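As a plain string of letters, each chain reads:
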Amino acid sequence: MAERGRPRSFDRDAALSRAMEVFWARGYEGASISDLTSAMGIGSPSLYAAFGSKEELFRQAVDLYGAVEGPEIWSAVETAATAREAAEGFLTATARTFSRPDKPRGCMVVLSQLNATQASESVCRALRERRVDGQCALEAHFRRAVESGELPGRVDPAALAAFFVTVQQGMSVQARDGASEDALLKIARNAMAAWEPLTAP
């Protein structure tokens, strides 16, 4: 027996990618269903049929963002030979990726929903968890450096990671406000000037 109903007439992956950029540029609450369906090239019934709800579409868009945008920054941490190179690579890659002219500026996970409302509380919580996960990943790198003796035992890996993640989050806001790659790189270099005082024996 033939399957009833009209088949989907759109590329789900391409539609999700376009939705990601709308959420990235406008935020969760700033992106209306009309904005999303216009960018995705579908009607609202197709959006709900394919993704269930705006929140679920957003969650999938954040997953996609992490999969396609995250590696450029995090690979700089994972492949670094030293803790210092990890911190510097983290900020330098951030300066490049947050200021690309062909993408929305800044970080989707940082900027797309900061203030919780009744409608967005679970979205804010999910984004906070992702930000914490990123900070924990950087902390783990610094913790291994302390355990190996590369960094002195007095160094607090959690505090060190929090410092560099806070700089990165500030760079996200600067990028959204129009800061160039060169301006963001200067911020990165200034932040790295704190490395020696922060990690001295």
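As the structure is a prediction and not an experimental result, all values here were calculated from the model. (Residues numbered from 1 in each chain as written. Predicted model: local features only at pLDDT ≥ 70, side-chain atom pairs only at ≥ 80, totals over all residues. Heavy atoms only, no water.)

It is worth spelling out the packing of aromatic side chains at this point. Enumeration according to the criterion identifies nine aromatic pairs in this entry. Here W74 and F90 contribute two aromatic rings whose centre-to-centre distance is 5.3 Å and whose plane-to-plane angle is 50°, an arrangement assigned as tilted. Taken together, the residues span a long stretch of sequence, with W74 in helix α5 (residues 70-78) and F90 in helix α6 (residues 83-98) at a distance of 16 residues. Owing to a relative accessible area of 23%, W74 belongs among the partly exposed residues under this scheme. Look at F90 and you get buried, because its relative accessible area is 0%. Ring pairing ties together the aromatic residues F142, F163, F164 and W195, which thus form one cluster. One residue, K54, lies across the ring of Y28, its end atom 4.7 Å from the ring centre. (Phe/Tyr/Trp six-rings, centres within 6.5 Å; stacked < 30°, edge-to-face > 60°. Helix = DSSP H or I, 4+ residues; strand = E, 2+ residues; numbered from the N terminus. Buried < 20%, exposed > 50% of the residue type's maximum accessible area, 1.4 Å probe, protein only. Lys NZ or Arg CZ within 6 Å of the ring centre and 35° of its normal.)

An ideal rise of 1.5 Å per residue puts 21 Å on 15 residues; helix α4 (residues 54-68) measures up with 21 Å between its terminal C-alpha atoms. Considered for burial, the residues of α4 that qualify are K54, L57, F58, Q60, A61, V62 and Y65. (Expected span 1.5 Å × (residues − 1).)

With that out of the way, let us pick up the pattern of salt bridges. Counted under the stated rule, the structure contains eight salt bridges. Residue R26 pairs with D35 through a salt bridge whose shortest N-O separation is 2.8 Å. A relative accessible area of 49% means that R26 is categorised as partly exposed. A relative accessible area of 21% means that D35 is categorised as partly exposed. For R84, the salt bridge identified is with E88, shortest N-O distance 3.3 Å. Residue R84 and its partner E88 are both found in helix α6; the two are separated by four residues, about one turn of the helix. (Salt bridge = Lys/Arg side-chain N within 4 Å of Asp/Glu carboxyl O.)

Let us now look at the UniProt feature "DNA-binding region" (unreviewed entry) in the chain. Residues given the UniProt feature "DNA-binding region" (unreviewed entry) here are residues 32-51. Between the first and last C-alpha atoms of residues 32-51 the distance is 15 Å; the span itself is 80% helix and 0% strand. (UniProt positions renumbered as here; feature names shortened; annotations may be inferred.)

Helix packing for two helices is described by the angle between their axes and how far apart those axes are. α4 packs onto helix α1 (residues 12-26) with a crossing angle of 90° between their chain directions and a minimal axis gap of 9 Å. As far as their axial angle goes, α4 and α1 are roughly perpendicular. Where α1 abuts α4, its residues R12, L16, S17, A19, M20, F23 and W24 lie against K54, L57, F58, Q60, A61, L64, Y65 and V68. Here the residues of the contact of α1 with α4 are counted per class, giving eleven nonpolar, two polar and two charged. (Axes fitted to C-alpha atoms, helices over the stretch in contact; angles between N-to-C directions. Parallel < 35°, antiparallel > 145°, perpendicular 65-115°, else oblique. Contact = heavy atoms within 4.5 Å. Nonpolar A, V, L, I, M, F, W, Y, C, P; charged D, E, K, R; others polar.)

Glancing now at the packing of helix α8 (residues 121-148) against helix α9 (residues 157-176). Where α8 meets α9, the closest approach of the two axes is 8 Å, and the angle between their N-to-C directions is 135°. By the criterion of interaxial angle, the relationship of α8 to α9 is oblique. Considering how the two elements wind past one another, α8 and α9 form a crossing that is right-handed. Contacts from R131, Q135, L138, E139, F142, R143 and V146 in α8 reach P157, A158, L160, A161, A162, F164, V165 and Q169 in α9. Residues of the contact of α8 with α9, tallied by class, amount to ten nonpolar, two polar and three charged. (Left-handed = near helix turned anticlockwise from the far one by under 90°.)

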